[in-house]
Amino acid sequence: MIFVQLFVTFFVIGLFTFGGGYAMLSLIQTEVVVRHAWLTESAFTDIVGISQMTPGPIGINCATYVGYDVVAQMTGSPLLGIAGSATATLALMLPSFLIMLALVRVYRRFKESSMYESVMGLLRPAVVGLIGAAAVILTVDAQWQGVPLLSEPRLSVVRENMIDWKSWVLLAGAFVAGYWGKVSPIAVIIIGGVLGFVLY
Amino acid sequence: MKNEQIPLWNIFTVFAKVGAFTIGGGYAMIPIIQEEMERRGWIGEEELPDIVALSQSAPGVMAVNISIFAGYRLRGFKGAVAATLGSITPSFLVILAIAMVFSGFRDNPVIVRIFSGIRPVVISLILIPMVDMARKGCKTWWAWLIALASLFLVAFVKVSPIYILAVTIVAGVALAYYKEARR
C-alpha cells in the first residue's frame, strides 16, 4: 500500500532531519530515489529546483511534490496524487510536532546541558557530509562492484543532469554567482533556465 | 500564554502570510515572523532567539518547528496546530498546482531545454549551504573527518543517512556521559 509506505518513509525522514531543509534533501533522495526507486535522479533534481523557487520551506515543498508525483504516477489519478502529497507532508511534520511539544517545557535545561553540545558538535559535521553526498549523487553515479575498498568502483556521470561540458560550466558558474556573488537562489535558477533554453 | 484571547483563525492567517512570503528556506522566515509577531505584541524581542535555537535543535523542518513553538506560546496545543497548518498551506497549494500542471509538460521540448540548464545549477545551490555549514560547523580535524566519512559512506557505499545520524547521536550521548564520568 503506497500511502502507508509514503507515510512511514516521510515520518522517518522528519524524525532524522537535523540541520534544515538541505540536510533533508539527502534523506529524501536516499529513500525516494535510491531505496524505493519511486523517482529518477533527474525528476528529483527538477523537484528540488522547483522547491527552491516557490515560497515555503524547501523540505516541505519537496515532500509535497514527491508525494503527489509518486502516487499520481503509480495510480494515474491526480486526485489520489493530492492525497499522496497531504500524506507525505503531514507525515514529515508529525515527528517535529511531537518532539517540539515535549521540548517546549524543558528546553532551557536541555539547551544548557553538556549532552546538547556534545551531540550537536558531532551532528553538525555529519550533516555537512550528508548534504555533500546529495550533491555528489546528483552528479555522479558511484557503485562498488563487490566489496567496498577492495574492488574498483564504477563511476559514471548522471547523464540526465550533467549532459555535457556545458552542464559543468553552468554548475561552476552558479556556484561562483551564488557563493561569492551572493546572487539569490531564485535568480540563479531563472538564469540557469534561460541559459539552458539558449544552449540546448 | 500572555493572551489566551488570540483567535486561532488569526494565528492561522498570520502564519499563512509568513509562509507565503518565505522563499528559500527557514532562515528567510525569521525576520518575517519577527516583524509580524512583534507588531502584534505576540512575542517580546528577547523571545525570538530562544525560539530559533530550540527549532534548530529539534529534528524536522526549521520553519515548521518555529511555527509549532510560536503557536504553542500563543494558544497552547491548538495554537501550535493552527500556526503549523497556516505556515504550510500556501506552499502546499502552490506546489500542488505546479506538480499537477508540470507533470503534463515534462516532455515538452522547451521545458526539456530549460531544465537542462536548471539541473546543474540546482546542484550548486545544494553545495553553497553545505560550504557555509562546513565553515561554521567544521573547526577541528575530527569534524572534517566526520564530514568526509559521512559523505563517502552515503554517496559511494550507499549507506542510508538515517544510520549515519543514529550512530552520530548515540556517539554524542556516549561522549557526554564519558566526559561527565571523568570529571
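Reading the values: rules and limits
- Residues numbered from 1 in each chain as written.
- Chains lettered and ligands numbered in written order.
- Predicted model: local features only at pLDDT ≥ 70, side-chain atom pairs only at ≥ 80, totals over all residues.
- Helix = DSSP H or I, 4+ residues; strand = E, 2+ residues; numbered from the N terminus.
- Buried ≥ 20, exposed ≤ 12 C-beta atoms within 10 Å, placed from the backbone.
- Contact = placed C-beta atoms within 7 Å.
- Rg over C-alpha atoms; globule rule 2.2 N^0.38 Å.
- Domains from an automatic or database assignment.
- Expected span 1.5 Å × (residues − 1).
- Bend = angle between axes of the 7 residues up to and from the residue.
- Axes fitted to C-alpha atoms, helices over the stretch in contact; angles between N-to-C directions.
- Parallel < 35°, antiparallel > 145°, perpendicular 65-115°, else oblique.
- Left-handed = near helix turned anticlockwise from the far one by under 90°.
- Nonpolar A, V, L, I, M, F, W, Y, C, P; charged D, E, K, R; others polar.
- Core = buried A, V, L, I, M, F, W, Y, C linked by C-beta atoms within 7 Å.
- pLDDT = per-residue confidence, 0-100.

Visitor: Would you mind going over the overall build of chain A with me for this structure?
Guide: Secondary structure assignment for chain A yields 8 helices and 2 strands. Based on the C-alpha atoms only, the size of chain A along its principal axes is roughly 55 × 45 × 45 Å. Residues counted as buried form 52% of the 200 residues belonging to chain A. Intrachain contacts of chain A at a sequence separation of at least 6 include 50% that bridge at least 24 residues.

Visitor: Is there a simple way to explain the overall build of chain B in this structure?
Guide: On a plain count of helices and strands, chain B comes out with 7 helices and 0 strands. For chain B, the N- to C-terminal ordering of α and β elements is α-α-α-α-α-α-α. For chain B, whose C-alpha radius of gyration is 21 Å, the value lies well above the compact-globule estimate of 16 Å for 183 residues. C-alpha extents for chain B along the principal axes are approximately 65 × 50 × 25 Å. The 183 residues of chain B split such that 45% are buried. The contacts in chain B between residues at least 6 apart in sequence include a share of 49% that link residues at least 24 apart.

Visitor: How do you make sense of the interface of chain B and chain A when you look at a structure like this?
Guide: Interface size is commonly expressed as the accessible area that is lost once the parts come together. Counting from both sides, the interface comprises 86 residues of chain B and, opposite them, 99 residues of chain A. Contributing elements (two or more residues each) for the side of chain B that touches chain A: α1 (8–20), α3 (48–57), α4 (62–105), α5 (109–137), α6 (141–155) and α7 (161–182) of chain B. When residues in the side of chain B that touches chain A are grouped by element, the largest group, 23 residues, is from α5 of chain B.

Visitor: How should I be thinking about unusual backbone geometry in this particular structure?
Guide: Glycine aside, residues mostly have negative phi, and peptide bonds are mostly found in the trans state. Positive phi values are uncommon outside glycine, yet Lys182 of chain A reaches one of about 55 degrees. Summarising the element assignment, Lys182 of chain A is placed in the loop between α7 (165–179) and α8 (185–199). In this structure Lys182 of chain A comes out as exposed when scored by C-beta crowding, with 8 C-beta atoms within 10 Å. One non-glycine residue, Lys158 of chain B, adopts positive backbone phi at about 60 degrees.

Visitor: Explanation requested: the domain arrangement of chain B in the structure shown.
Guide: Per the domain assignment, the segments of chain B are domain 1 (8–105) and domain 2 (138–183). Look at where the C-alpha atoms of domain 1 of chain B and domain 2 of chain B centre, and you get two points 31 Å apart.

Visitor: Looking at this model, I keep getting lost on the environment of Ala37 of chain A. Mind explaining?
Guide: With respect to the secondary-structure elements, Ala37 of chain A resides in the loop between α2 (21–35) and α3 (41–53). Separated by 33 residues in sequence, Ala37 of chain A and Val70 of chain A have C-alpha atoms that sit 9.8 Å apart.

Visitor: Quick question: what am I supposed to make of α2 of chain A here?
Guide: Think of an α-helix as 3.6 residues a turn; residues three or four steps apart then line up on the same face. Residue and element names in this part refer to chain A. The end-to-end C-alpha separation of α2 is 20 Å, in line with the 21 Å expected for 15 residues at 1.5 Å each. At Gln29, α2 is deflected by roughly 30 degrees, the largest bend along its length. Burial analysis of α2 places 13 of its 15 residues in the buried class, which makes it a mostly covered element.

Visitor: When you look at the packing of helix α1 (residues 2–16) of chain A against α2 of chain A in this model, what are you seeing that I'm missing?
Guide: The description of two packed helices rests on the angle between their axes and on the distance between the axes. All names here are of chain A. Between α1 and α2, the shortest axis-to-axis distance is 10 Å and the interhelical angle comes to 150 degrees. Classed by the angle they form, the pair α1 and α2 counts as roughly antiparallel. As α1 runs across α2, the sense of the crossing is right-handed. Residue-level contacts link Thr9, Ile13 and Phe16 of α1 to Met24, Leu27, Ile28 and Glu31 of α2. Across the contact of α1 with α2, the residue classes break down as 5 nonpolar, 1 polar and 1 charged.

Visitor: Just checking my understanding: could you explain the nonpolar core for this structure?
Guide: In summary, soluble globular proteins display a tendency toward joint burial of nonpolar side chains. Ranked by internal contacts, the top residues of the largest apolar core, which has 113 residues, are Val66 and Ile131 of chain A together with Ile126 of chain B. No other element matches the 18 residues that α4 of chain B contributes to this core. Every residue in contact with Val66 of chain A, bar those within four places of it in the chain, is listed here: Ile28, Val32, Leu39, Ile47 and Ala88 of chain A.

Visitor: When you look at the domain arrangement of chain A in this model, what are you seeing that I'm missing?
Guide: Residue and element names in this part refer to chain A. Considered domain by domain, chain A is made up of domain 1 (2–162) and domain 2 (163–200). The straight-line distance from the C-alpha centre of domain 1 to that of domain 2 is 24 Å. Tallying the contact residues gives 5 residues for domain 1 and 6 residues for domain 2. Looking at the side of domain 1 that touches domain 2 residue by residue, the class counts come to 2 nonpolar, 2 polar and 1 charged.

Visitor: What's the story with the packing of α3 of chain B against α4 of chain B in this structure? I'm lost.
Guide: All names here are of chain B. Relative to each other, α3 and α4 sit at 130 degrees, their axes nearing to 8 Å. The orientation of α3 with respect to α4, classified from their angle, is oblique. The crossing of α3 and α4 is right-handed. Between α3 and α4, the residues in contact are Ile51, Val52, Leu54, Ser55 and Gln56 and Met62, Asn65, Ile66, Phe69 and Ala70, respectively. Class assignment for the residues of the contact of α3 with α4 results in 7 nonpolar, 3 polar and no charged.

Visitor: How do you make sense of the environment of Glu45 of chain B when you look at a structure like this?
Guide: In this structure, Glu45 of chain B sits in the loop between α2 (26–39) and α3. Between the C-alpha atom of Glu45 of chain B and that of Ile118 of chain B, which follows or precedes it by 73 residues, the distance is 40 Å.

Visitor: What's the story with the confidence of the model for chain A in this structure? I'm lost.
Guide: It should be kept in mind that the predicted coordinates are not to be read in detail where pLDDT is low. Per-residue pLDDT for chain A averages 87, and the proportion of residues at 70 or more is 94%. Per-element confidence in chain A is highest for α7 of chain A, whose mean pLDDT is 95, and lowest for strand β1 (residues 140–144) of chain A, whose mean pLDDT is 75.

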